[in-house]
Amino acid sequence: MRFSIASVDSLIIYFGDTINEETSLKVKKAYKSLKALNLVGLIEIIPSYSSIFISFDIFKYDYESLKNLLENSINLNIKENLEEKIIYIDVYYGLEVGMDLEKISLEKKLSIEEIIQIHSFKIYDIYAIGFLPAFAYLASVDERIATPRLNTPRNQIPKGSVAIADTQTAVYPQNSPGGWNIIGKTAFELFDKKLENLSIFEVGNRVKFNPISKEEFLSQGGIL
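So, here's what we can say about the structure.

Criteria and thresholds
Residues numbered from 1 in each chain as written. Predicted model: local features only at pLDDT ≥ 70, side-chain atom pairs only at ≥ 80, totals over all residues. Heavy atoms only, no water. Helix = DSSP H or I, 4+ residues; strand = E, 2+ residues; numbered from the N terminus. Buried < 20%, exposed > 50% of the residue type's maximum accessible area, 1.4 Å probe, protein only. Lys, Arg positive; Asp, Glu negative; His and termini not counted. Charge placed at Lys NZ, Arg CZ, Asp CG, Glu CD. Phe/Tyr/Trp six-rings, centres within 6.5 Å; stacked < 30°, edge-to-face > 60°. Pairing = 2+ DSSP bridges. Axes fitted to C-alpha atoms, helices over the stretch in contact; angles between N-to-C directions. Contact = heavy atoms within 4.5 Å. Core = buried A, V, L, I, M, F, W, Y, C linked by side-chain atoms within 4.5 Å. 1 Å grid on protein atoms, 1.4 Å probe; cavity = no way out; pocket = protein on both sides within 12 Å on 5 of 7 lines; lining within 4 Å. Points joined across faces, edges and corners; volume = space filled by probe spheres on them. Nonpolar A, V, L, I, M, F, W, Y, C, P; charged D, E, K, R; others polar.

1. Describing the overall build of the protein chain
Inference 1: Along the protein chain, the regular secondary structure elements total 5 helices and 13 strands.
Inference 2: Each principal axis of the C-alpha atoms in the protein chain carries an extent, and together these give about 55 × 35 × 35 Å.
Inference 3: Taking all 224 residues of the protein chain together, the buried fraction comes to 47%.
Inference 4: Separation of charge centres in the protein chain, based on 24 positive and 29 negative side chains, amounts to 1 Å.

Put into structure tokens, the structure is as follows:
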């Protein structure tokens, strides 16, 4: 673990310099350990691909005191065989909603059916949350369908759009600009007002996409 000052009331803990499965596992274990400690005075704990950002109450801690506490408290040997939550999301991979399906099909020399099968086959890890609330960065996408971001982002991506950018995939939780490649759409609601972070997603959860027909999508309240 490597600590760094982020601001007068925040710090960052780094667990590696590259994004890989080993580093991600350390982040997940540290995040679980931090949550289990339930320390008073920690305002936010935000995990990412290779680091954890922590904001704290400056009337309870300064950087050095919190660094020393966390160095002696975070347990990277916490058992990882706890049952992980898998979130299943129904997706309609239709050309009406998957505006980049044909482009990816031509670039990758794969049929649309093959793209759907490849994308929906894997169970993805949630590595980070942001740039929007409930926008979960999921990885890793199979290299056969990994696709760079668009050169020119779109002004508006519809809520529920399922997308790919490089080896990541995600669901847009609301209408917003975006530069990811859109391959489908879901009627699944990503927000839950009853939850503290307003999102069904947490780092450490996993996501599995389930292909459905247009009729099923519409019956779930989906909008073309």
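2. Thoughts on the packing of aromatic side chains
Inference 1: The tally for this structure, following the rule as stated, stands at 6 aromatic pairs.
Inference 2: Between Phe135 and Tyr172, the ring centres sit 5.3 Å apart and the planes meet at 80°, which makes this aromatic pair edge-to-face. Of this pair, Phe135 sits in the loop between strand 6 (123–129) and strand 7 (136–139) while Tyr172 sits in the loop between strand 10 (168–171) and strand 11 (176–178), and the two are 37 residues apart along the sequence. As far as burial versus exposure is concerned, Phe135 and Tyr172 are alike and both buried.
Inference 3: Between the aromatic rings of Phe135 and Trp180, the centroid separation amounts to 5.4 Å while the plane-to-plane angle is 90°, which identifies the pairing as edge-to-face.

3. Thoughts on the pairing of strand 3 (residues 42–47)
Inference 1: Where strand 3 and strand 4 (residues 51–56) come together, 5 bridges link them in antiparallel fashion. Across the sheet, residue Glu44 finds its bridge partner in strand 4, namely Ser55.
Inference 2: Taken together, strand 3 and the strand that follows it, strand 4, pair antiparallel across an intervening segment of 3 residues.

4. Description of the sheet that holds strand 5 (residues 86–91)
Within a sheet, adjacent strands bond to each other through the backbone by hydrogen bonds, running parallel or antiparallel.
Inference 1: Judged by pairing direction, the sheet is mixed, and its 7 strands sit side by side in the order 5-13-6-7-10-9-12 without closing on themselves. Only two strands of the sheet have a single neighbouring strand rather than two, namely strand 5 and strand 12 (181–185). Sheet twist, expressed as the mean angle between neighbouring strand axes with direction ignored, is 35°.
Inference 2: Where strand 9 (residues 161–165) and strand 10 come together, 4 bridges link them in antiparallel fashion. Directly across from Ala165, in strand 10, lies its bridge partner Gln168.
Inference 3: Along the sheet face, helix 4 (residues 112–121) touches strand 6, strand 9, strand 10, strand 12 and strand 13 (206–211) and points at about 150° away from the line of strand 13.

5. Description of the nonpolar core
Inference 1: Core analysis: the biggest nonpolar cluster contains 28 residues, and Ile89, Phe201, Val207 and Phe209 have the highest contact counts within it.
Inference 2: Mapped onto this core, the elements with two or more residues apiece are strand 5, helix 3 (101–108), helix 4, strand 6, strand 7, strand 9 and strand 13.
Inference 3: Examining the composition of this core, we find that 4 residues originate from one element, helix 4, more than from any other.
Inference 4: Those residues in contact with Phe209 that lie beyond four places of it in its chain are Ile89, Val91, Tyr93, His119, Ser120, Tyr124, Leu138, Val162, Thr169 and Val171.
Inference 5: Among the nonpolar cores identified, the runner-up in size contains 17 residues, and Val27, Leu34, Ile52 and Phe56 belong to it.

6. Some details on the sheet that holds strand 3
Inference 1: If you trace the 4 strands from one edge of the open sheet to the other, you get 1-2-4-3, paired in antiparallel fashion. Bordering the open sheet on either side are strand 1 (2–7) and strand 3, each of which pairs with just one other strand. On average, adjacent strands in this sheet sit at an angle of 20° to one another, irrespective of strand direction.
Inference 2: Bridging between strand 1 and strand 2 (residues 10–14) involves 5 bridges; their strand directions are antiparallel. Of the residues in strand 2, the one forming a bridge with Arg2 is Tyr14.
Inference 3: Along the sheet, helix 1 (residues 21–37) contacts strand 3 and strand 4; its crossing angle with strand 4, the most-contacted strand, is approximately 25°.
Inference 4: On top of the sheet, helix 2 (residues 63–73) reaches strand 1, strand 2, strand 3 and strand 4; it is set at about 145° to strand 1, its chief contact.

7. Focus: the layout of surface pockets
Inference 1: What the second largest pocket holds in volume is close to 270 Å³.
Inference 2: Class assignment of the residues belonging to the lining of the second largest pocket gives a composition of 5 nonpolar, 4 polar and 6 charged.

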